[in-house]
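Structure at a glance
Below are the chains, spelled out letter by letter.
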Amino acid sequence: MRVPAGVRERVASVHGAAALPERLRLYDGWAARYEQDVAALEYRAPHLAAASLAFAFPAPPAGARLLDVACGTGLVARELHRRGFRCLHGVDGSDGMLEQARSTGLYRQLRRCVLGREPLPSPAGGFLCLTTRSNPSNLRYKAELEAALERLERQGAWQKVLAQEVERWERATSEEESPQGTDYISGVVYIYQKCPVPPLKEG
Ligand SMILES: C[S@@+](CC[C@H](N)C(=O)[O-])C[C@H]1O[C@@H](n2cnc3c(N)ncnc32)[C@H](O)[C@@H]1O
């Protein structure tokens, strides 16, 4: 199946945005068609993120608190809900995407938050999940995200559970985006666990 031209153009324009404010503005404009477009890309990130979380979570998931970072329209929440996760919090930098996420009714809390620029809300206990693409045009942005996650680790707020590179993440929209000639790009799932707050020392 080829990616339809309209989808290719919309995806390429978002992927091509260099600066974060421009990228988030493009996500605002894309929000209403996002799910339809990523279906045409055979986008697997939400399924992969949910599978990684289900693997990482040793306890029954009903009471597990999860922070879906860069939650978009809520595709990860849909997958998690199907697997029995109920205590979902989400953040995203795009108001347009958050509006779509809100309409799913699947999140207990949703907030605008730009990762790397603002502190993440910290539901006590629990995990966060985040996904991003590893295609050539996203490598700089991916490095920025990883730097932000490393800062959270250094601050003692969150600790890494896994960072898993996955092939066949979604269909590539150009040959340059898929240098191995597979027609697909790869991506990565990050899962972090909230560090316990140390008890206050008496005296
Ligand atoms: C490719 S979408 C993925 C959305 C969702 N996780 C999914 O799998 O469908 C990327 C999302 O990240 C958000 N985003 C990009 N950079 C961000 C940042 N620095 N902080 C917060 N959200 C960001 C965009 O607004 C968009 O909703």
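Residues numbered from 1 in each chain as written. Predicted model: local features only at pLDDT ≥ 70, side-chain atom pairs only at ≥ 80, totals over all residues. Heavy atoms only, no water.

Notes on unusual backbone geometry
Excluding glycine, residues mostly carry a negative phi; peptide bonds, for their part, are mostly trans. Applied cut-off: Put simply, DSSP marks the helices as runs of H or I at least four residues long and the strands as runs of E at least two long, and each gets a number from the N terminus on.
The phi dihedral of A70 is positive, around 60°, even though this residue is not glycine. Residue position: A70 is located in the loop between β1 (65-69) and α4 (75-82). The phi torsion at D183 lies on the positive side, around 75°, for a residue other than glycine. Here D183 lies in the loop between β5 (158-171) and β6 (184-194).

Brief notes about the pairing of strand β4 (residues 127-133)
The test is simple: A simple rule labels every residue: compare its accessible area, found with a 1.4 Å probe on the protein chains alone, to the largest value its type can have, and call it buried under 20%, exposed over 50%, or partly exposed in between. Strand pairing is assigned whenever DSSP identifies at least 2 bridges connecting the two strands.
In terms of burial, β4 is largely enclosed, as six of its seven residues are buried. For β1 and β4, the ladder comprises three bridges, and the chain directions are parallel. Looking at the pairing, L66 lines up with F127 of β4. The pairing of β4 with β6 spans seven bridges and is antiparallel. Bridged to C129 within β6 is I191.

Structural notes on the packing of aromatic side chains
We describe a pair of aromatic rings using the distance from one ring centre to the other and the angle between the two ring planes. Test applied: Centres within 6.5 Å are what make two rings of Phe, Tyr or Trp a pair, Trp counting through its six-membered ring; a difference in plane orientation under 30 degrees is then read as stacked, over 60 as edge-to-face, and the rest as tilted. Placement of a positive charge over a ring is assigned whenever Lys NZ or Arg CZ falls within 6 Å of the ring centre and within 35 degrees of the normal to the ring plane.
Inspection of every chain in the model, using the stated rule, returns three aromatic pairs. A ring pair is formed by Y27 and W30, whose centres lie 5.9 Å apart and whose planes are at 35°; its orientation type is tilted. With Y27 and W30 both in helix α2 (residues 20-40), this residue pair falls three residues apart, about one helical turn. Judged by relative accessible area, W30 falls into the buried class, the value being 5%. Seen in terms of ring centroids, W30 and Y34 are 5.0 Å apart; in terms of plane orientation they differ by 80°. Their pairing is edge-to-face. Linking W30 with Y34, this pair stays in helix α2, spanning four residues, or about one helical turn. The ring of Y141 has R23 lying over it, and the distance from NZ or CZ to the ring centre is 4.3 Å.

Some details on the site of the ligand
Threshold: Nearness is defined per residue: one heavy atom within 4 Å of the molecule or strand is enough. N or O atoms closer than or at 3.5 Å make up a polar contact, with two conditions inside protein: a donor-capable atom paired with an acceptor-capable one, and, for residues adjacent in sequence, both atoms drawn from side chains. Method for areas: the Shrake-Rupley scheme with a 1.4 Å probe, in which residue coverage is limited to the protein chains shown. Note that Gly is not counted as nonpolar here; it falls among the polar residues with everything else outside the nonpolar set of Ala, Val, Leu, Ile, Met, Phe, Trp, Tyr, Cys and Pro and the charged set of Asp, Glu, Lys and Arg.
The environment of the ligand is formed by 19 residues, the closest being Y34, Y43, D92, L115 and Y141. Between Y43 and the ligand, the recorded distance is 2.7 Å, taken from a side-chain N or O atom to an oxygen atom. For the ligand, a nitrogen atom lies 2.2 Å from a polar atom in the side chain of Y141. Burial of the ligand by the protein amounts to 93% of the accessible area it has alone, namely 590 Å². The element contributing the most residues to the shell around the ligand is α2, with four residues. Here the shell around the ligand is composed, by residue class, of 15 nonpolar, three polar and one charged.

Here we look at helix α6 (residues 139-154)
How we decide: An expected span of 1.5 Å times one less than the residue number is assigned to each helix. Comment: arc refers to directions from the helix axis out to C-beta atoms.
Between its first and last C-alpha, α6 extends 22 Å over 16 residues, near the 22 Å set by a 1.5 Å rise per residue. K142, L145, A148, L149 and L152 are the residues of α6 that are buried. Here the buried residues of α6 occupy an arc of 120° about the axis, which is enough to place them on one side. With respect to the buried face of α6, the exposed residues turned more than 90 degrees away are R140 and R154. Count one or two residues on from α6 and you reach G156, which has phi positive near 80°.

Here we look at the side chain of E177
Condition: Counting rule applied: Lys, Arg positive; Asp, Glu negative; His and chain ends not counted. Between Lys or Arg on one side and Asp or Glu on the other, a salt bridge is scored when a side-chain nitrogen of the former is within 4 Å of a carboxyl oxygen of the latter. In this description, contact between two residues means that some pair of their heavy atoms is separated by no more than 4.5 Å.
In this fold, E177 is placed in the loop between β5 and β6. Within the buried set, E177 has no salt-bridge partner at all; the shortest N-O distance to an opposite charge, 5.7 Å, is to R133. For E177, the side chain forms a polar contact with the side chain of S137, separated by 2.9 Å. Among residues more than four places away in sequence, those in contact with E177 are N135, P136, S137, A172 and I185.

Considering the nonpolar core
For clarity, the threshold we go by: The definition of a nonpolar core used throughout is a set of buried Ala, Val, Leu, Ile, Met, Phe, Trp, Tyr and Cys residues joined through side-chain atoms within 4.5 Å.
By size, the foremost hydrophobic cluster in this structure holds 27 residues, and its most contacted members are L66, L80 and I191. If you list the elements that add at least two residues to this core, you get α3 (45-56), α4, α5 (95-104), β4, β5 and β6. Among the elements that take part in this core, α3 stands out by supplying six residues, more than any other. Contact partners of I191, with chain neighbours within four places excluded, come to A49, S52, L53, A56, F127, L128, C129, Q159, K160, V161 and L162. Within the second largest apolar cluster, 17 residues are counted, among which are V91, L115, L130 and L145.

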